Amino acid sequence: MPKTSPTDTPLVPTPLMELATGFWSFKTYAGALDLGLFDLLAGGRELTLEEVSVGLGIALRPADLLLAGCASLGLLDKNGSRYRNAPLSEEFLVEGRPCYFGGFVRYLDRREYPAWQSIVEAMRTNRPSTWTPGTQKSLFDTVDPETLRLFWDCMYSISTFTARALAQVHDFTRHHRLLDVGGGAGAFPIELCRRYGQLSATVFDLPPVCDLAREKIAEARLEGTVDTVAGDFQRDAELPGGYDAILLSMILHDWDEETCRALLRKCRAALAPGGAVLICELLLNDERTGPPAAALMGMNMLVETEGGKNYSAAEYSTWLWEEGFARVKVLPFEAAGANGVVVGHLD
């Protein structure tokens, strides 16, 4: 038998334990949000265990365990016997804050977490488990309006920070008109137009989503700079024309390769000469071995979509070249919603 060197580190199952219990962290986090813990502690308020117990209407034992759990996750700070929101929780988990993230947490908890319990069935059948194709119009067809509103609000929060990261790696001074395809509530156009004075933008999305975008545009006082056009980028024969930049942010991972290529052809046809398409995504590495955020988002596409998956920068680059984009470059960055952008230029 081979001898073991004294310096060899033996394998232990600790990493497997951490993977296996990952849901403990999420459900603690989601439970605290649902009970209103972060709202209770909003504005710098500091409360004792007993005060939290009364404030949340739960017994001392679960209150004690919840506070310890949230503190261990970095969601709460403790000062003596009193707990307060950590800066991250105060900024993003207090309802009513500009970049409230809680809607996304509730969406995951109520819609995706139960569906993931059927992940093996989804793999065996190659069908989503959050909705039923053929009997529903889309994956959002049966989501209650309030949950859907929370989802779009959170997507706005994530996209705001992703847009800021994108603006640091791609020079938008060369562009004048931006079309955000499937642009949701308009975070990218709003953020980019605030930063680049010469830029105007359009959100192209389904009618109910455009209604949400107009609200955000009005709040940002950008009505003369950012507008909306209602449509369906999958079903419509063409996209609105006359734009010198088209953004596809967290869009292509929802679809199979054929559908993605068809959309890229529509983008090429709609672009003005010399324009560019920007594919902003959680990109897999070329070996398709990570990073985890991109790979696991791909697994989530199995639960949520009929043909979606996360793709690598190399795959997107190949599609762009083959669909007629003369120059392609990949610009990495780090943000909650993406880790890079693949830019295809028309010459």
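Here is a short report on the structure shown in this document. (Residues numbered from 1 in each chain as written. Predicted model: local features only at pLDDT ≥ 70, side-chain atom pairs only at ≥ 80, totals over all residues. Heavy atoms only, no water.)

### Concerning the sheet that holds strand β1 (residues 47-48)
Two strands in a sheet stick together by hydrogen bonds in their backbones, pointing the same way (parallel) or opposite ways (antiparallel).
Item 1. The strand order across the open sheet built from 3 strands is β1-β3-β2, with neighbouring strands paired in antiparallel fashion. Of all strands in the sheet, those bounded by a partner on one side alone are β1 and β2 (76-79).
Item 2. Here β2 runs beside strand β3 (residues 82-85); their pairing, made up of 4 bridges, is antiparallel. When the bridges of β3 are listed, D77 appears paired with R84. (Pairing = 2+ DSSP bridges. Helix = DSSP H or I, 4+ residues; strand = E, 2+ residues; numbered from the N terminus.)

### Remarks on the side chain of D205
Item 1. Along the chain, D205 falls in strand β5 (residues 200-205).
Item 2. Among buried charged residues, D205 stands out as having no salt bridge; its nearest opposite-charge side chain is R235, 10 Å away.
Item 3. A distance of 3.4 Å separates a polar atom in the side chain of D205 from the backbone nitrogen of G183. (Buried < 20%, exposed > 50% of the residue type's maximum accessible area, 1.4 Å probe, protein only. Lys, Arg positive; Asp, Glu negative; His and termini not counted. Salt bridge = Lys/Arg side-chain N within 4 Å of Asp/Glu carboxyl O. Polar contact = N/O pair within 3.5 Å; in protein donor to acceptor, adjacent residues only side chain to side chain.)

### Let's talk about a negative patch on the surface
Item 1. On the surface, a cluster of negative charge is contributed by D39, E95, D144 and E146.
Item 2. Along the chain, E146 turns up in helix α9 (residues 145-169).
Item 3. Residue E146 is classed as partly exposed on the basis of its relative accessible area, which comes to 48%. (Patch = residues over 30% accessible without salt bridge, like charges linked within 9 Å, V, L, I, M, F, W, Y side chains within 5 Å. Areas by Shrake-Rupley, 256 points an atom, 1.4 Å probe, with all protein chains shown as cover. Charge placed at Lys NZ, Arg CZ, Asp CG, Glu CD.)

### Some remarks on the packing of α9 against helix α10 (residues 187-195)
Each packed pair of helices is defined by two parameters, the angle between the axes and the distance between the axes.
Item 1. Where α9 contacts α10, the two axes come as close as 8 Å, and the packing angle between them is 40°. Considering the angle they form, α9 stands oblique to α10. Viewed along their axes, α9 and α10 form a crossing whose handedness is right-handed. Residue-level inspection shows Y156, S159, T160, T162, A163, R164, L166, A167 and Q168 of α9 in contact with α10, the latter providing A187, F188, I190, E191, L192 and R195.
Item 2. Partitioning the contact of α9 with α10 into residue classes produces 8 nonpolar, 4 polar and 3 charged. (Axes fitted to C-alpha atoms, helices over the stretch in contact; angles between N-to-C directions. Parallel < 35°, antiparallel > 145°, perpendicular 65-115°, else oblique. Left-handed = near helix turned anticlockwise from the far one by under 90°. Contact = heavy atoms within 4.5 Å. Nonpolar A, V, L, I, M, F, W, Y, C, P; charged D, E, K, R; others polar.)

### Side note on the environment of F161
Item 1. By secondary structure assignment, the location of F161 is in helix α9.
Item 2. Judged by its relative accessible area of 32%, F161 is partly exposed.
Item 3. For the pair formed by F161 and A338, sequence separation is 177 residues and the distance between their alpha carbons is 9.8 Å.
Item 4. What F161 contacts, discounting residues up to four positions off in sequence, is F92, C99 and A335.

### Observations concerning the environment of F172
Item 1. Its place among the elements puts F172 in the loop between α9 and β4 (177-181).
Item 2. Between the C-alpha atoms of F172 and C193, which are 21 residues apart in sequence, the distance is 9.5 Å.
Item 3. Contacts of F172, omitting those with residues within four sequence positions, involve L166, A167, L192, Y196, Q198, L199 and L278.

### Description of the packing of helix α2 (residues 22-35) against helix α5 (residues 60-72)
Item 1. Put simply, α2 and α5 touch, their axes get as near as 10 Å, and they point 120° apart. Considering the angle they form, α2 stands oblique to α5. The two elements α2 and α5 cross, and the hand of that crossing is left-handed. Seen from α2, the contacting residues are T28, A32 and L35; seen from α5, they are L66, G69 and C70.
Item 2. By residue class, the composition of the contact of α2 with α5 is 4 nonpolar, 2 polar and no charged.

### As for the sheet that holds strand β6 (residues 226-230)
Item 1. Across the sheet, 7 strands lie side by side as β6-β5-β4-β7-β8-β10-β9; this open sheet has mixed pairing. The open sheet terminates on both sides in strands that have one partner only, identified here as β6 and β9 (327-332). Here the average twist between neighbouring strands, direction ignored, is 20°.
Item 2. When β4 meets strand β7 (residues 243-249), the two strands line up parallel, connected through 3 bridges. Residue D180 lies in a different strand from β7, and its bridge partner there is L247.
Item 3. Set on the sheet, helix α11 (residues 207-219) makes contact with β5 and β6; between it and β6 the angle comes to about 170°.

Limitation: the analysis is restricted to geometry and does not speak to function.
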